[in-house]
Every structure is written in C-alpha cells, then in structure tokens.
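Residue strings, one per chain:
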Amino acid sequence: MLSPFKADLHIHTVLSPCGDLEMSPTAIVDRALARGLDMIAISDHNTTRQVKVAQRVGKARGLFVLGGVEVTSQEEAHCLCFFETDDQLDQMQAFLDAHLPPIPNDEDRFGYQLIVDENEEIVGEEPYHLLNAIDVDIDGLYDEVHRIGGLFVPAHINKGTTSLTSQLGFVPPDLRADGLEINRFTTRDEMVKKFAYLKRFNFITDSDAHFIDNVGDVYNVIHMEHRSFAEFAKALRGEDGRWIDTMAFRQK
Ligand SMILES: [Zn+2]
Ligand SMILES: [Zn+2]
C-alpha cells in the first residue's frame, strides 16, 4: 500500500560556504520535523561530509535523511546526486576529493565550511572552496554516480544561474538523468509546455534552504510504500505506481 510522505530533498548545512551558521544537522532535523516533513535530503555543495551526522540525528528522531550532494559540474551546472549506503557516500566523496580544484576557501569572502557533530560542536572543516566546479562534465558525472549506484537529478533547471538551462541554453534532449528538479518559481506543466521532450522525466521540487526558516518551504509529496532510497528511486522513475506530487507546496 502506498502512503504520502512529505519530502524536501535539497537542503544545505553549515558546511556549504553559503549555508547559514545555524544550519547544523540537528537544527535542520528539528526544523523539518516541526514543519511536518517525513523525509529530507542533505545536499551540500561538492561534499558529503555532513550527511552521516544528519542521518544519525534523523534516525534517532524519526526523520528519514537521504544522503546527497549538489555537485557543480565542469559546465557549472548544479546536479543533485543521491546515495543509499555509507560505502556509496564514501566512494562519492573520494571522487569529489579527486576532482575539486585544490583552491583554498576564502572564509571572509565566501563564508565558513564547517563540519559539526550531533551536539553542534565543530569537528572539522573543508579546506578547499566548495563552490568551484569539479573537472568532470555532466555526462562523466552521471556515469560516476551510476557506477556507484546513486541517482542523478540536475538541480533547479529553471534557474537563471548555475543550472543546465543557464549554462547550456537548454536541457539537452539526449540528457541522461533519473529526474529533474525545479524550484518554486515554475511547475512541471509549465516546463513541459515549453520543452515537450522533458515529459519523459519525473520532477522534484525543493526548498534549496540555506537558512533554517526555509527548511520545508517547498516540498514534494512522495507516494510510496515506505521511506527508503529504493522506494524513492522507484517514485522518481515512476515504477510500480509510485509517484511524486510537486504541487503540494502550493496548496498551503
Ligand atoms: Zn544550486
Ligand atoms: Zn543548493
């Protein structure tokens, strides 16, 4: 039997230079629960190093936390990548470490890149600036994410910067992806009306929160059996009757 689960699948932590200092995994999980979400994904820029803490906190408090990362491809297009296991996250992290340019972060200019634990204590930081593009293009990134066993979803494709449309001028008709993300400023219908070939994809829509008040501002309702990576993957691909409602946030 399918049940509806509210899911905001694009949230930054304090580890993203642009993420507010209040964005600890614990604060994000608490806020998500307070807003009635069943599921979130942590998707920092070019790093997965805050995911496992968020998953531990979520597990203890009853929130399903999907492991993710928002990778900046060589074309400077943001792409969400989601993973199921710790081992997959470690493989993705090794890939990112090998392909992010080793340019130190300028904290005064871009902000801190802090790793914090469950108690909001600082336990580390990312030395290299996380907003830079990796030296792998969209196709190469898709291949690597799939080799690891993850899901590949180009982010906020309707956005005027750092998206497929802003960087390439359009979504390539032969794009390989598991789904597409839009932000709150458009709808799937609007996108498909403009670009009919996008019909073959299912969409998600998320808050892209960088500040605690924005967690859950936008969310999906995912109709699936239970909260898991495998069920989410089926919903994204429209398998076995699972589906994703991206219009729910508009009904508030
Ligand atoms: Zn982005
Ligand atoms: Zn983002």
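In case you missed it, the structure is sitting above this.
Caption draft 1: Main features of the packing of helix 1 (residues 25–34) against helix 2 (residues 51–61). Between helix 1 and helix 2, whose axes approach to 9 Å, the crossing angle comes to 40°. Taken together, the axis directions place helix 1 and helix 2 in an arrangement best described as oblique. Crossing handedness for the pair helix 1 and helix 2: right-handed. Residues P25, T26, V29, D30 and L33 of helix 1 pack against V53, A54, V57, G58 and R61 of helix 2. In terms of residue class, the contact of helix 1 with helix 2 is built from six nonpolar, two polar and two charged.

Caption draft 2: Quick look at the side chain of E126. Mapped onto the secondary structure, E126 falls in the loop between strand 6 (122–125) and helix 5 (138–148). In terms of polar contacts, E126 uses its side chain to reach the side chain of T47, at 2.7 Å. Ignoring any residue separated from it by four or fewer positions in sequence, one finds E126 in contact with L15, T47, R49, Q93 and Q113.

Caption draft 3: Spotlight on the coordination of the zinc ion (ligand 2). The protein atoms that coordinate the zinc ion (ligand 2) are H10 (NE2), H12 (NE2), E70 (OE) and D208 (OD), at distances spanning 2.0 to 2.2 Å. Every donor counted, the four donor atoms about the zinc ion (ligand 2) form angles of 80 to 172° at the centre, which fits irregular coordination. Sequence positions of the donors to the zinc ion (ligand 2) reduce to the motif H-x1-H-x57-E-x137-D. Between the zinc ion (ligand 2) and the zinc ion (ligand 1) the interatomic distance amounts to 3.4 Å, and E70 serves as a bridging ligand to the pair. Of this pair, H10 sits in strand 1 (residues 3–11) while E70 sits in strand 3 (residues 64–72), placing them 60 residues apart in sequence.

Caption draft 4: Region of the structure containing the nonpolar core. Ranked by size, the top nonpolar core spans 55 residues in total, and within it I40, M92, L141, F152, I157, L198 and V215 carry the most contacts. The biggest single contributor to this core is helix 5, with five residues. Excluding residues that lie within four positions of it along the chain, V215 makes contacts with D8, I11, M23, I28, R31, A32, R35, L37, S207 and A209. Ranked by size, the runner-up nonpolar core spans 20 residues in total, among them F5, L9, I204 and A235.

Caption draft 5: Fine view of the coordination of the zinc ion (ligand 1). Only E70 (OE), H78 (ND1) and H156 (NE2) from the protein reach the zinc ion (ligand 1) as donors, at distances of 2.1 Å. One chain supplies every donor for the zinc ion (ligand 1), spaced along it as E-x7-H-x77-H. Note on H78: relative accessible area 10%, which makes it buried.

Caption draft 6: Structural context of unusual backbone geometry. Positive phi outside glycine occurs at N46, with the angle close to 55°. Tracing the backbone shows N46 in the loop between strand 2 (39–42) and helix 2. The buried category is assigned to N46, whose relative accessible area is 2%. The phi dihedral of T162 is positive, around 50°, even though this residue is not glycine. Tracing the backbone shows T162 in the loop between strand 7 (151–154) and helix 6 (164–168).

Caption draft 7: Quick look at a negative patch on the surface. A surface patch of negative charge is lined by D106, E107, D108 and E125. With respect to the helices and strands, D108 occurs in helix 4 (residues 107–110).

Here is what the cut-offs are and how they apply
The residue numbering used here restarts from 1 in each chain and proceeds along that chain's sequence as written. Each chain gets a letter, beginning with A, and each ligand a number, beginning with 1, in the order they are written. Since the coordinates come from a predicted model, pLDDT governs what is reported: local features require at least 70, and pairs of side-chain atoms require 80 or more to be given and counted, while whole-chain, interface and lining totals use all residues. Excluded from the side-chain calculations are hydrogens and water; all other atoms, namely the structure's heavy atoms, are used. All axes here are fitted lines through C-alpha atoms, helices being fitted over the stretch that makes contact, and every angle between N-to-C directions spans 0 to 180 degrees. In this description a helix means any DSSP run of H or I spanning at least four residues, a strand means any run of E spanning at least two, and both kinds are numbered starting from the N terminus. Working rule for angles: under 35 degrees goes down as roughly parallel, over 145 as roughly antiparallel, 65 to 115 as roughly perpendicular, anything else as oblique. The handedness criterion is simple: a crossing whose near helix is rotated anticlockwise from the far helix by less than a right angle is left-handed, and one whose near helix is rotated clockwise is right-handed. Working rule for contacts: check all heavy atoms of both residues, and any pair within 4.5 Å makes them a contact. Charged residues are taken to be Asp, Glu, Lys and Arg, nonpolar residues to be Ala, Val, Leu, Ile, Met, Phe, Trp, Tyr, Cys and Pro, and polar residues to be all remaining types, Gly included. We define a polar contact as two N or O atoms separated by no more than 3.5 Å, with the added condition that, inside protein, one atom must be a possible hydrogen donor and the other a possible acceptor, whereas residues neighbouring each other in sequence contribute only through side-chain atom pairs. Counted as donors are N, O and S atoms no farther than 2.8 Å from the metal, or 3.2 Å for Na, K and Ca; water is not among the atoms, and sites may therefore look incomplete. Irregular is the label for any site that misses the other tests, which are tetrahedral for four donors with all angles between 85 and 135 degrees, and square planar for four donors or octahedral for six when opposite donors exceed 155 degrees and the remaining angles lie between 65 and 115. In plain words, nonpolar cores are sets of buried Ala, Val, Leu, Ile, Met, Phe, Trp, Tyr and Cys residues tied together by side-chain atoms within 4.5 Å. In this scheme, a residue with accessible area under 20% of its type's maximum is buried, one over 50% is exposed, and one in between is partly exposed, where area comes from a 1.4 Å probe on protein chains only. Patch construction takes residues with relative accessible area above 30% that form no salt bridge. Like charges are linked within 9 Å, and nonpolar side chains (Val, Leu, Ile, Met, Phe, Trp, Tyr) are linked within 5 Å. Accessible areas in this description were obtained via Shrake-Rupley with a 1.4 Å probe; residue shielding takes into account the shown protein chains only. Here a salt bridge means any side-chain nitrogen of Lys or Arg lying within 4 Å of a carboxyl oxygen belonging to Asp or Glu. Counted charges follow a simple rule, with Lys and Arg positive, Asp and Glu negative, and His plus the chain ends left uncounted. Every charge is mapped to an atom, namely NZ of Lys, CZ of Arg, CG of Asp or CD of Glu.

None of the figures reported here should be taken as evidence of function without further support.
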